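If you want the building blocks of each chain, they are given just below.
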Amino acid sequence: MLLKLLDRLEEVLIGTLMAAATVITFATVVHRFLSGIPALQDYTDRIDFGWSQELCIYMFIWVAKFGAAYGVRTGIHVGVDVLVNRLPPSARRVMVLISLAAGALFTGIVGTLGTNFVWRIGHTDQTTPDMEIPVWIVYLAIPLGSYLMCFRFLQVAWGYWTTGHLPARDHAHVDGVPTVEGVDPVQLGREGGPA
């Protein structure tokens, strides 16, 4: 129950930040376009979008940190496993567990270093240039995202230890597009059938 809540919170946070950044960027572009129309300049000059680029950068930083954890959980990170797949099953299992442990260790160290950094910068009066919010809020993405990613590595490692399966996605599958077993969708589209 708690894991499902965390999964959902992770997905909602990533989706909300991406959608908000997209809307803000679109509004900024429309504002810039309308500012070039002489009849509308008096109105558009009253609206300040100077903060929008900074906010979008920070939002995408948070998306990247939490999106990386999501990628570990769902198995969508790109990995080179040609050599690992050539190993015998027992050696492959050990190698995968070592790799997952190394990922957990690395992200745990980054999270700890990020926590120390946020703690030190939180005791200063530093603010962001345009929005003037405390800088530690922006950098909080580092420890939170790294610790979540560390947890996801440990979660995947435990799942692999107990079941022998890693989370995986079919990268060729597109949601909403029906698949026919044994038929290449590219060839199906070329032959004039439904694509």
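About the cut-offs
Residues numbered from 1 in each chain as written. Predicted model: local features only at pLDDT ≥ 70, side-chain atom pairs only at ≥ 80, totals over all residues. Heavy atoms only, no water. Helix = DSSP H or I, 4+ residues; strand = E, 2+ residues; numbered from the N terminus. Expected span 1.5 Å × (residues − 1). Buried < 20%, exposed > 50% of the residue type's maximum accessible area, 1.4 Å probe, protein only. Contact = heavy atoms within 4.5 Å. 1 Å grid on protein atoms, 1.4 Å probe; cavity = no way out; pocket = protein on both sides within 12 Å on 5 of 7 lines; lining within 4 Å. Points joined across faces, edges and corners; volume = space filled by probe spheres on them. Nonpolar A, V, L, I, M, F, W, Y, C, P; charged D, E, K, R; others polar. Phe/Tyr/Trp six-rings, centres within 6.5 Å; stacked < 30°, edge-to-face > 60°. Lys NZ or Arg CZ within 6 Å of the ring centre and 35° of its normal. Patch = residues over 30% accessible without salt bridge, like charges linked within 9 Å, V, L, I, M, F, W, Y side chains within 5 Å. Areas by Shrake-Rupley, 256 points an atom, 1.4 Å probe, with all protein chains shown as cover. Salt bridge = Lys/Arg side-chain N within 4 Å of Asp/Glu carboxyl O. Core = buried A, V, L, I, M, F, W, Y, C linked by side-chain atoms within 4.5 Å.

Caption draft 1: Expanded view of helix 7 (residues 141-163). The end-to-end C-alpha distance of helix 7, which contains 23 residues, comes to 32 Å, matching closely the 33 Å that a straight helix rising 1.5 Å per residue would cover. Turning to helix 7, its buried residues are A141, P143, G145, S146, L148, M149, C150, R152, F153, V156, A157 and Y160. The secondary structure elements touched by the buried residues of helix 7 are helix 1 (2-35), helix 3 (52-74), helix 5 (89-121) and helix 6 (135-139). A positive backbone phi angle near 80° is found at G164, which sits one or two residues after helix 7.

Caption draft 2: Up close: the layout of surface pockets. Size it by volume and the largest pocket reaches roughly 740 Å³. Elements that contribute at least two residues to the lining of the largest pocket include exactly helix 3, helix 4 (82-86), helix 5 and helix 7. Broken down by class, the residue content of the lining of the largest pocket amounts to 13 nonpolar, seven polar and three charged.

Caption draft 3: The arrangement of the packing of aromatic side chains in detail. All told, the structure shown has three aromatic pairs when counted by the stated rule. With a centroid separation of 5.7 Å and 10° between ring planes, the pair formed by W62 and F66 is classed as stacked. On the criterion of helical spacing, the pair formed by W62 and F66 is a turn pair, its members being four residues apart in helix 3. In terms of burial, W62 and F66 fall into one category: buried. Judged by centre distance (5.0 Å) and plane angle (90°), the ring pair of F117 and Y139 falls under edge-to-face. In this pair, F117 sits in helix 5 while Y139 sits in helix 6, placing the two residues 22 residues apart along the sequence. Residue F117 is classed as partly exposed on the basis of its relative accessible area of 30%. Of note, R93 hangs over the ring of Y160, and the distance from its end group to the ring centre comes to 5.4 Å. Here R93 stacks its cationic end above the ring of W161, 5.5 Å away from the centre of that ring.

Caption draft 4: Broad picture of the side chain of D7. Within the fold, D7 resides in helix 1. When near neighbours in sequence (up to four residues on either side) are disregarded, D7 contacts R73 and R152.

Caption draft 5: Structural view of a nonpolar patch on the surface. A cluster of nonpolar residues, V94, M95 and I98, forms a patch on the protein surface that exposes about 260 Å² of accessible area. Relative to the helices and strands, I98 resides in helix 5.

Caption draft 6: Structural view of the nonpolar core. Core analysis: the biggest nonpolar cluster contains 26 residues, and L100, M149 and F153 have the highest contact counts within it. Take this core: its biggest share by element is nine residues, from helix 3. Excluding residues that lie within four positions of it along the chain, L100 makes contacts with F153, V156, A157 and L166.

Caption draft 7: Up close: unusual backbone geometry. One non-glycine residue, E132, lies in the positive phi region at around 55°. Within the element layout of this structure, E132 appears in the loop between helix 5 and helix 6. Judged by relative accessible area, which is 58%, E132 ranks as exposed.

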